[in-house]
Amino acid sequence: YRKLARKYHPDVSKEAGAEDKFKELTEAYEVLKDPEKRQKYDQFGSAWKQARQTGQSPPGWEGVQFDFGQGGGGFRFEGAGPGYGGSGFSDFFEMLFGEGGLGGARAGGRGGFSSAGGGGRAVRRRGADQEAPITLTLEEAARGGRRELSLSDPASGETKALSVNIPAGVRPGGRIRLAGQGASGPGGGPPGDLFLRVDLAPHPQLRLDGQDLHVTVPIAPWEAALGGRATIPTLNGDLTVKIPPGSSSGRRIRLRGKGFPRRKGDPGDLLAELRIVVPETLSERERELWKGLEDASDFDPRRA
């Protein structure tokens, strides 16, 4: 597009009809870069703008069918609408593909072009990109590595075995691109790409928030009062942390650099939140000890 735009720009080119060709190029570029506009053009040709604005078929286009076949090696036009000459092609596509590529269309008359037979030439197009979900554990997403997958194609019913390289630090909602693993290209064109959309399976203890990991650590009342030690999970195995004396529920212990890794830069932190847990039932001896503590202490948490 840029090459032809420079050639036919009205401020540069002195050729006759350069301005009209430049306008056609601009229309072609506008259509081909936008999937929605391409779809409208596939249906209505040069009348795509009217169809896009009204949401209905432009006058004269009733019964017109554009058939983009996957197996026929290209596409076939049935019928022709306003703005299409005897070949069934708009002027700017004739300019882009050249007259030689439309010889079969001219030979066949209105709607006579078909890549499946006759003198027409197959139009090679890149296959469509596809997307599929992939669910990873928190550890897999953090460490990365290879993963073997089997994906089913709903269109063909075929199952495809893939070996995927999981990048370390991939986040939920991220996409992993597999070049050339998408839909086949019509007319022998190159295949599209496959994008794997990442989702994370729930972890039994760790919770991801941004780059930080959170974990809840249950502790006994005497551990909260006297201090102690607790074992907590991390992405690289269990770790023992010190519980400071006089800890209340909700207190957080921050372990720097023990969170989720970044693709670039330092990893996040691991925050261990303490939660005091009391026994639901007490033995007779435990009840005596708690009663003795109550009598001996003048601590009032509602006045602290």
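How each quantity is defined
Residues numbered from 1 in each chain as written. Predicted model: local features only at pLDDT ≥ 70, side-chain atom pairs only at ≥ 80, totals over all residues. Heavy atoms only, no water. Helix = DSSP H or I, 4+ residues; strand = E, 2+ residues; numbered from the N terminus. Buried < 20%, exposed > 50% of the residue type's maximum accessible area, 1.4 Å probe, protein only. Contact = heavy atoms within 4.5 Å. Areas by Shrake-Rupley, 256 points an atom, 1.4 Å probe, with all protein chains shown as cover. Pairing = 2+ DSSP bridges. Axes fitted to C-alpha atoms, helices over the stretch in contact; angles between N-to-C directions. Polar contact = N/O pair within 3.5 Å; in protein donor to acceptor, adjacent residues only side chain to side chain. pLDDT = per-residue confidence, 0-100. Patch = residues over 30% accessible without salt bridge, like charges linked within 9 Å, V, L, I, M, F, W, Y side chains within 5 Å. Salt bridge = Lys/Arg side-chain N within 4 Å of Asp/Glu carboxyl O. Lys, Arg positive; Asp, Glu negative; His and termini not counted. Charge placed at Lys NZ, Arg CZ, Asp CG, Glu CD.

Moving on: the overall build of the protein chain. A tally of helices and strands in the protein chain yields nine helices and 13 strands. Per-residue burial for the protein chain yields a buried fraction of 33% across its 304 residues. Put simply, 48% of the contacts in the protein chain that link residues at least 6 apart link residues at least 24 apart. Roughly 18800 Å² of accessible area belongs to the protein chain as shown, and the carbon and sulfur atoms make up 47% of that amount.

It is worth spelling out the sheet that holds strand β7 (residues 194-200) at this point. Spatial ordering of the open sheet is given by β3-β7-β6, a layout of three strands whose pairing is mixed. Two strands close off the open sheet at either side, each with one partner strand: β3 (130-136) and β6 (175-178). Across the sheet, the mean angle from the axis of one strand to that of its neighbour is 30°, orientation sign disregarded. Bridging between β6 and β7 involves four bridges; their strand directions are antiparallel. Bridge pairing in β7 places R177 opposite F195.

Across the sheet, four strands lie side by side as β8-β9-β13-β12; this open sheet has mixed pairing. With partners counted over all chains shown, the strands left at the sheet margins are β8 (207-209) and β12 (252-255), one partner each. Between one strand axis and the next, the sheet turns by 30° as a mean value, whatever way the strands run. Note that β12 and strand β13 (residues 270-276) share four bridges and pair antiparallel. Residue pairing in the sheet places R254 in a bridge with L271 of β13.

Turning our eyes to something else, we now look at the side chain of S247. Mapping S247 onto the fold places it in the loop between β11 (237-243) and β12. Given the relative accessible area of 3%, S247 is considered buried. Among the polar contacts listed, one links the side chain of S247 to the side chain of R251, at a separation of 3.4 Å. Setting aside anything within four residues of it in sequence, one finds S247 in contact with A224, L274 and I276.

A few words on the confidence of the model for the protein chain. Put simply, the protein chain has an average pLDDT of 77, and 70% of its residues get 70 or more. Taken together, the stretch residues 97-119 has pLDDT below 50 and engages in 43 contacts with residues farther than four places along the chain or on a different chain.

Structurally, E140 can be placed in helix α7 (residues 138-143). A relative accessible area of 27% means that E140 is categorised as partly exposed. Each C-alpha atom of the pair E140 and A168 lies 7.9 Å from the other, and the pair is 28 residues apart in sequence. If we skip the residues at most four places from it in the chain, E140 touches T135, R147 and I166. There is a polar contact of 3.0 Å between the side chain of E140 and the backbone nitrogen of T137. Only 3.4 Å separates the side chain of E140 from the side chain of R147, close enough to count as a polar contact.

All right, on to a positive patch on the surface then. On the surface, R2, K3, R6 and K7 cluster together into a positively charged patch. Take K7: it is sitting in helix α1 (residues 2-8). The exposure class assigned to K7 is partly exposed, which follows from its relative accessible area of 42%.

Our next topic: the side chain of H214. Mapped onto the fold, H214 is located in strand β9 (residues 212-219). Excluding anything up to four places from it in sequence, H214 contacts Q205, L206, R207, D209, R252, L270 and L271.

For the rest of this paragraph, the subject is a nonpolar patch on the surface. On the surface, W222, L226, L282, W290 and L293 cluster together into a nonpolar patch covering about 530 Å² of accessible area. At the level of elements, α8 (221-226) and α9 (284-296) are the ones that each hand at least two residues to the nonpolar patch. By the element assignment, L282 lies in the loop between β13 and α9. Here L282 falls in the partly exposed class, since its relative accessible area comes to 32%.

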